[in-house]
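Structural overview for review
Okay, here's what each chain looks like letter by letter:
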Amino acid sequence: MDMARLLPKLLVSVVLAAFASQTALAGEPLFAPRKGGKGLFNGFFSTPNKPRRPSTALPWWLNDQPNTDVNIIYGNPARPAAAKPGKSVAAPSYEDPEPIPGLGMGLVAYQPVPQQPVFDAAFARATPATAEAMAIRDVLANRETGIRAVQAERKAILDHYQASGFQPLWLENGAISARAKAVLAVLADAGREGLTPDAYLPPVLTSFDAPDAQLGSVTSKLAEFDVGLTAAALKYARDAYDGQFDPARLSLYNDIKIAALDPAAALRHLAFAPMAQSWLMGLQPQNPQYAALRQALAQVDSQASEANAIIIAEGPKVKPGQTDPRLPDIRRKLAALGFEGTQPAPPPPSEDVIVEGPVMGSEGLKTGAPGLKPGLDAPDPTLLDKDLSVVLKRFQKSVQLKPTGLLDNTVVKALNTDRSEDIRRRIAINMERLRWLPKDLGKRYVFVNQAAYEVTVMDRGQEAWHSKVIVGRPMTQTAAFHDKMETVVFNPTWNVPESILVNEYLPKLYRDPAYLDKQGFKVINSKGKVVKSASVNWPSYGGKPPFMVQQPSGGDNALGELKFLFPNAHDIYMHDTPTRSLFKEQTRAFSHGCVRVENPRDFAAVLLGWERAKVDAITDSGINDQVSLGEPVPVHITYFTAWPGADGKIRYFDDVYGRDGAMFKALDSERNLRVQRAKLKLVQAAPASP
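As a convention, each chain's residues are numbered from 1 in the sequence order in which they are written. pLDDT decides what is reported in this predicted model: residues at 70 or higher carry local features, side-chain atom pairs at 80 or more are listed and counted, and totals for whole chains, interfaces and linings draw on all residues regardless. The basis for every side-chain value is the complete set of heavy atoms in the structure, and neither hydrogens nor water enter the calculation.

1. Regarding helix α14 (residues 498-511)
As a reminder of what qualifies: By definition, any uninterrupted DSSP run of H or I lasting at least four residues is a helix, any uninterrupted run of E lasting at least two residues is a strand, and each is numbered from the N terminus. By this rule the span expected of a helix is its residue count minus one, scaled by 1.5 Å. Take the seven residues that end at a residue and the seven that start at it, fit an axis to each, and the angle between those axes is the bend at that residue. Only protein chains enter the accessibility calculation, which uses a 1.4 Å probe; a residue is then buried when its area is under 20% of its type maximum, exposed when over 50%, and partly exposed in between.
The end-to-end C-alpha separation of α14 is 19 Å, in line with the 20 Å expected for 14 residues at 1.5 Å each. Roughly 50 degrees is the biggest bend found in α14, and it falls at tyrosine 505, with proline proline 507 one to four residues downstream. With 11 of 14 residues buried, α14 lies mostly within the body of the structure.

2. Regarding unusual backbone geometry
In this structure, asparagine 173 takes a positive phi of about 55 degrees despite not being glycine. Relative accessible area serves as the criterion here: at 78%, asparagine 173 is assigned to the exposed category. Of note, alanine 210 is a non-glycine position whose phi angle comes to about 45 degrees, a positive value. Structurally, alanine 210 is set in the loop between α4 (178-188) and α5 (211-215). Looking at alanine 210, the relative accessible area reads 47%, which means it is partly exposed.

3. Structural notes on the sheet that holds strand β12 (residues 547-551)
Which entries qualify depends on this criterion: Paired strands, in this sense, are two strands between which DSSP finds at least two bridges.
Read from one edge to the other, the open sheet built from four strands follows the order β9-β12-β10-β11, with strand pairing classed as antiparallel. Where the open sheet ends on each side, the last strands, each with one partner, are β9 (494-495) and β11 (530-531). In this sheet, β12 lies alongside strand β10 (residues 522-525) in antiparallel orientation, the contact comprising four bridges. Looking at the pairing, isoleucine 524 lines up with methionine 548 of β12.

4. Thoughts on the pairing of strand β8 (residues 481-490)
Relative to strand β17 (residues 625-638), β8 is paired through nine bridges, and the arrangement is antiparallel. Note that in β17 the partner of valine 489 across the bridge is glutamine 626. Pairing of β8 with strand β13 (residues 562-565), which is carried by four bridges, proceeds in the antiparallel orientation. Directly across from phenylalanine 490, in β13, lies its bridge partner leucine 562.

5. Re the confidence of the model for the protein
Basically, it comes down to this: What pLDDT conveys is the predictor's confidence in a given residue, as a value from 0 to 100. We call two residues in contact when some of their heavy atoms are within 4.5 Å.
The predicted model of the protein averages 83 in pLDDT, with 79% of residues at 70 or higher. Note that residues 1-94 has pLDDT below 50 and, in this model, 145 contacts with residues that lie over four places away or in other chains. Counting contacts from residues 346-376, a segment whose pLDDT is below 50, to residues more than four positions away or on other chains yields 27 contacts.

6. Considerations on the pattern of salt bridges
Quick reminder of the rule: The rule for a salt bridge is simple: a side-chain nitrogen of Lys or Arg has to be within 4 Å of a carboxyl oxygen of Asp or Glu.
Applying the stated criterion to the full structure yields 30 salt bridges. Two residues, aspartate 329 and arginine 332, come together in a salt bridge whose shortest N-O distance is 2.9 Å. On the criterion of helical spacing, the pair formed by aspartate 329 and arginine 332 is a turn pair, its members being three residues apart in helix α10 (residues 327-336). According to the relative accessible area criterion, aspartate 329 is partly exposed, its value standing at 30%. Put simply, Glu561, Arg601, Asp602, Arg612, Asp616 and Asp620 are held in one network by salt bridges that share partners.

7. Some thoughts on the packing of helix α2 (residues 131-140) against helix α6 (residues 219-242)
Note the threshold: The axes are straight lines fitted to the C-alpha atoms, using for helices just the contacting stretch, and the angles between their N-to-C directions are given from 0 to 180°. For this classification, under 35 degrees means roughly parallel, over 145 means roughly antiparallel, 65 to 115 means roughly perpendicular, and everything else is oblique. Handedness of each helix crossing follows the sense of rotation of the near helix against the far helix: counterclockwise by less than a right angle gives left-handed, clockwise gives right-handed. Just so you know the grouping, Ala, Val, Leu, Ile, Met, Phe, Trp, Tyr, Cys and Pro go in nonpolar, Asp, Glu, Lys and Arg go in charged, and all remaining residues, Gly too, go in polar.
Between α2 and α6, whose axes approach to 8 Å, the crossing angle comes to 65 degrees. On the basis of their axis angle, the class for α2 and α6 is roughly perpendicular. The handedness of the crossing between α2 and α6 is right-handed. The segment α2 lies against α6, with Ala131, Ala135, Ile136, Val139 and Leu140 engaging Thr219, Ser220, Ala223, Glu224, Asp226 and Val227. Along the lines of polarity and charge, the residues of the contact of α2 with α6 split into seven nonpolar, two polar and two charged.

8. Quick look at the environment of leucine 327
Position of leucine 327 among the secondary structure elements: in helix α10. Between the C-alpha atom of leucine 327 and that of aspartate 380, which follows or precedes it by 53 residues, the distance is 9.8 Å. Apart from the residues within four sequence positions on either side, leucine 327 is in contact with Val318, Gln322, Pro381, Thr382, Leu383, Leu384, Leu388 and Leu407.

9. Focus: helix α11 (residues 386-398)
Heads up, the rule is: When we speak of the arc, we mean the arc of directions from the helix axis to the C-beta atoms.
Taking 1.5 Å per residue, 13 residues should reach 18 Å; α11 reaches 19 Å between its end C-alpha atoms and fits that length. Turning to α11, its buried residues number three or more, namely Leu388, Ser389, Val391, Leu392, Phe395 and Gln396. What you see down the axis of α11 is that its buried residues fit within an arc of 160 degrees, all on one side. Here the buried face of α11 lies against α10 and α12 (409-415). In the stretch just after α11, glutamine 400 is the one whose phi turns positive, near 60 degrees.

10. What to know about the environment of phenylalanine 640
As for its position among the elements, phenylalanine 640 is in the loop between β17 and β18 (642-644). Classification of phenylalanine 640 by relative accessible area gives buried; the value is 1%. Expressed as a C-alpha distance, the spacing of phenylalanine 640 and tyrosine 652, which sit 12 residues apart in the sequence, is 8.5 Å. Not counting residues within four places of it along the chain, the set of residues in contact with phenylalanine 640 comprises Asn430, Arg433, Leu434, Leu437, Phe447, Asn449, Ala451 and Phe653.

11. Description of the side chain of arginine 326
As a reminder of what qualifies: N or O atoms within 3.5 Å of each other form a polar contact, as long as, within protein, one can give a hydrogen and the other can take it, and as long as residues adjacent in sequence are counted only when both atoms are side-chain atoms.
Locating arginine 326 in the fold gives a position in the loop between α9 (288-308) and α10. Side-chain polar atoms of arginine 326 contact the backbone oxygen of alanine 313, separated by 2.8 Å. When residues no more than four places from it in sequence are discounted, the contact partners of arginine 326 are Ile312, Ala313, Glu314, Gly315, Pro316, Val318, Leu407, Asn409 and Val412.

Right under this line is the structure:
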């Protein structure tokens, strides 16, 4: 071999070996894997990146360990220890045991779907049989028409009128038909469905009021109305059935396949259905949750009047545990605004209180209730107790105030501000999200609401089970999608992902090659043979050790006792966790995308249809096993910031992922576009200057 070519390579090898040695002594990994690497034997030749380091200057969702400077990894010795003076206490890991590459906040700058003028210049050569048809042909042959539609609907409209010989759909005896007026009434009432009526106003009209008077008997205007109402009704049909927005145009984490409405089929319904208005109204979601949100939307103004009638006076700051005469009114105000849980908590009964039956209702324990110890005081509504403080925090967060849970004049000012429009918009966008759901959720299904940090199993319309969950952090969000649960894994093992092996374990292995042996982990080489961690010269492999590291089943396993699989493109699944303390947090967005379940044994029993004792027996045996569900159960991973509870009352949740804000911006973009088109129409209609 040519020594002149070999020497530079030898020199580079020596330098790299020396650098690796120094890095090993420093206890730092030489290389980090490419972002998104999933398997230990994948991506060995990817471009290395510098390992991420926690930073206290970052927002909480970007900080790997927001409460400590101690980096904790999974394994037996990683339990929190008593703090020594001047030392940090080891906090539980916020990392998901199988990291999923995040997409940042994932919000997409909304771009309205392009709309095309509804015209075909070739129609000018057609010779319709009647004057009405001739006028409609002229509208459809006019390049300057103000009637617009998305491409699929534009084609359906042109095809329909051409096939019918340009006969009108909505005119009768030279005037607006009764069918047309019924459909116009549905479009005018779109606000009841959380939609914007102006979006469905035929361009020839200035309002939905008195269309006959606006059009008169002018043939050209009537023709423009006919085509314009067809386009408006088609748009309403699409928005009611599919939703106003494609979810993927709002967030990269929305992987929701919409059951798109066929515009040609929809147009046939509009043309031939005896009750076209009933067909249109039937396209809206037909489930009880949508009905509850629609009812809440209708009640916003009355509730706002009730809330606005309660004026809170300014006064001194009130901390939890203190009393203030304004607090009863504040409780009523918060309840009127939709923030539940404001009733004062009952005092704890003493040991000698005899309770013979239920004595606590929605108003708490009452003085003199049967079975109570004589003299037991009723709850104090003037006390800022723990529950009210929690509700105040929720309110503060909803209006972008620091969630302190105490009362001050900033909170008073926010309470006295009319926020009915904000509430109306919040309800409306969650009605929109209901349109994105599958039309049939299933007789029995799993429903995860990320914004509520909750999972519910529904069975034939009834709630069969409910639990808290932990979801992805804002920078590594849990995707919204629909799939089917197939398998329950008992006592799962954990294959340590390459990113965790390189960034978390290698620094420790450089200092102590036997570290994984002490942790009880298995080290498996590329031939599938288990080897001792202590026998491996870890620094010699740099940042790409050709080993798989596996944590056996057990109480300290990163996946906990149970894992629930529904194979999907996002590598997201549900599982137990040894870090149970996080379920006590109100904001439970801590993972890299997977969903952690607080009560996994109950979840397994409900899914499998087993007695809890059977689940306990298999779990407690420590045997790694997996059981297929007899019939796959639909899983719906969703995001609702307003959702009806079991009692039908609407509960509001924080917009932790900023998806509400993205939808508000999209609605504003569509509104601004309509305003611009309306101004352009006025300019075009203005008479030419002499």
